[in-house]
Amino acid sequence: MCGIIGYTGYSEARGILLKGLKTLEYRGYDSAGISVYHPDFNECLTVKCKGRVEDLEKKACDVKGKTGIGHTRWATHGGVSDENSHPHKFGGVTVVHNGIIENYETIKNTLKVADKLKSQTDSEIAAALIERCFDGNPEKAIADAVKKLTGTYAFAIMFDDVPDTIYAVRNVSPIVCCKNDDGAYIASDIMAIGEYSNEYFVLPEFSIAKITKDSIEVKDFNGNDVGVDMLELNWDIKNNGKCGYPFYMEKEIMEQPDVIEKTISGRVKNNLPDFSCDNIDENIFKDCKSISVIACGTAMHAGLIGKYLIESVCSVPVSVYMASEYMYTNPIVNEDTLVICVSQSGETIDTLEALKYAKSHGAKTLSIVNVRGSSIARESDNVIYTQAGPEIAVASTKAYTTQVAVFYLITAKTALLRGCLNNEGTSDFVEQIMKIPKAVEDVLNRRKDIHYLSKSMLTAEHTFMIGRGMDYPALLEASLKLKEISYIHSEAFASGELKHGTIALITNGTPVVALMTQHYLSSKQTSNIREVQSRGAYVINFVKKSLKSDDMQHCFELPELEDEFMLIPSVVALQLLAYYVSADKGLDVDKPRNLAKVVTVE
């Protein structure tokens, strides 16, 4: 399940719904649909199909009405088909749904509606349940129905008997709401409706929003008014196009000097790290006995960088967990643990559930997220917002580097508070952090050299990446980027592990990407590079300028920073490598197959 949009107001709904769905495409989907209340027929009419929003747009050209809901679906229950696409209608109830209803089979059997269903989805059964509970009072029907559901959900609901009105309810999966003089809007992602108002709110869990063209009312299941926290959108949604770049990913790579600078600069005062703008309780860094970082995918790779930094500078033990595995490994977590959750969207379901588990065991919690008011941000004791701005490409770039920038600042603050660095030492550390945006800009200015190197990888089926020390977690992220957008099988290895088995896969012409930025490990890394070259590997070197040797061919020189600050410019160079391979292969860089930007189901 993926994207929800809803509108009721004074304009035709069709265009607004389709525009919103196009904005939500980046989240990943396989089908799309809209339902609009038709005043002549006094009911909701639905158009939906598998495929892209542009296919839906052709089918929905005659849709009329000023109230409607829409959806982009990522198949979970039931395959990809027109019938399984959302919205779903049962009787006089039409729904779109994000999430998974775990007890849908039980509900289906209880309602005895199997012979009336038109799809194989859990969502249609939810519509049937709401319809069965409806006796003229929509709020009561919704409350009675969702109390019977097990799982996660965000519903937008319309009733044929209640014209020009949308209802919304959620558990875990997000819903945001806003309004202006032209009407009221809801969506699963502020990106879809942010252009209509710079003020919005996140619908509280287990409350029901009634959305009409002039108002949005929020009540609990007993009919009592629920207060909402209005948030201000600090992104320029209207400036969110490609700006002349062929893909969003390239645009977002090029934005990194600016967003890294924004993330850092607001948290440095008198050349020392300062989280006062985030209202962080600094004791969490000083008093913890251990740190657990919980994240998925790219965000987890940022956490691995954080582990290297914090352990080496602050001597605090750090564990990094895959969020999807955290609760099932009996983690050691208690009141002496600082849990740091990392998520671009703040809605990653595995990370959110792991966060709740850690809190229930007494841990202090901090989240590093990019979206204000997101579920993970709201659940955490403390929040640091990155300044990446909207990231549209599925493959994360600027969100990752701003997360790493925050880990540099956390390291500096922790070292200062615990006496690992004095004021002068911390100031020197921060000065090095402040040099990172300029180093990234230097890499971007020479991107044509990386494009040239990438051409040797266009026909590769397998690629290996090797590095030592802090270069290894950077390569894990670089390898993921290459895999997810170019579809080349790529694996990153700590170079010393080659001789323990992996080198058996190196044959004549095998592309190997070697990263070398750490002075104290350069001689060993050089030996590993020669080791794979002697077995016929085609080695592409990304090397700090001072470490380059005369015999290195196929080489990109990285700018000169102290070793521990090389990670961000290194990864940016490798992001470009993956980008150019994908683009030159003619692939859809922004929307790699089978992937979604936001993972909201376990």
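An account of the accompanying structure is given in this report.

Parameters and conventions
Residues numbered from 1 in each chain as written. Predicted model: local features only at pLDDT ≥ 70, side-chain atom pairs only at ≥ 80, totals over all residues. Heavy atoms only, no water. Patch = residues over 30% accessible without salt bridge, like charges linked within 9 Å, V, L, I, M, F, W, Y side chains within 5 Å. Areas by Shrake-Rupley, 256 points an atom, 1.4 Å probe, with all protein chains shown as cover. Salt bridge = Lys/Arg side-chain N within 4 Å of Asp/Glu carboxyl O. Lys, Arg positive; Asp, Glu negative; His and termini not counted. Charge placed at Lys NZ, Arg CZ, Asp CG, Glu CD. Helix = DSSP H or I, 4+ residues; strand = E, 2+ residues; numbered from the N terminus. Core = buried A, V, L, I, M, F, W, Y, C linked by side-chain atoms within 4.5 Å. Buried < 20%, exposed > 50% of the residue type's maximum accessible area, 1.4 Å probe, protein only. Contact = heavy atoms within 4.5 Å. Pairing = 2+ DSSP bridges.

A cluster of like negative charges, contributed by Glu 424, Asp 428, Glu 431 and Glu 562, occupies part of the molecular surface. Turning to its location among the elements, Glu 424 is positioned in helix 14 (residues 423–434).

This next bit is on the nonpolar core. Generally speaking, soluble globular proteins have nonpolar side chains that are buried together. In terms of nonpolar packing, the biggest core is built from 89 residues, with Ile 340, Tyr 408, Ile 410 and Phe 542 touching the most fellow members. The residues contacting Ile 410, other than those within four sequence positions of it, are Phe 275, Phe 285, Ile 310, Ile 340, Leu 366, Ile 368 and Ile 384.

Here strand 10 (residues 183–187) lies mainly inside the structure; 5 of its 5 residues are buried. Neither face of strand 10 is open: one carries Gly 183, Tyr 185 and Ala 187, the other Ala 184 and Ile 186, and all of them are buried. Summarising the sheet, strand 1 (residues 3–9) and strand 10 pair through 5 bridges and their orientation is antiparallel. If you follow Tyr 7 over to strand 10, its bridge partner there is Tyr 185. Sheet topology note: the strand 9 (residues 176–180)/strand 10 ladder contains 5 bridges and is antiparallel. Paired with Asn 180 across the bridge in strand 10 is Gly 183.

Turning our attention to unusual backbone geometry. In this model, His 86 is joined to Pro 87 through a cis peptide bond whose omega is 0°. By secondary structure assignment, the location of Pro 87 is in the loop between strand 4 (67–73) and strand 5 (88–90).

What follows covers the pattern of salt bridges. Any two side chains of opposite charge can pair, on the condition that their charged atoms come close. Overall, the coordinates contain 24 salt bridges when judged by the stated rule. One salt bridge in this structure joins Glu 105 and Lys 108, with 3.3 Å as the shortest N-O distance. Remark: Lys 108 and Glu 105 occur in helix 3 (residues 104–111); sequence separation between them is 3 residues, near one turn of the helix. Under the relative-accessibility criterion, Glu 105 is labelled partly exposed at 36%. Residue classification places Lys 108 among the buried residues on the basis of a relative accessible area of 19%. A salt bridge links Glu 255 to Lys 251; the shortest N-O distance between them is 2.8 Å. A residue is classified by how much of its surface remains accessible, and Glu 255, at 21% relative accessible area, is partly exposed. When salt bridges with common partners are traced through the structure, they connect Glu 43, Lys 89 and Asp 160 into a single cluster.

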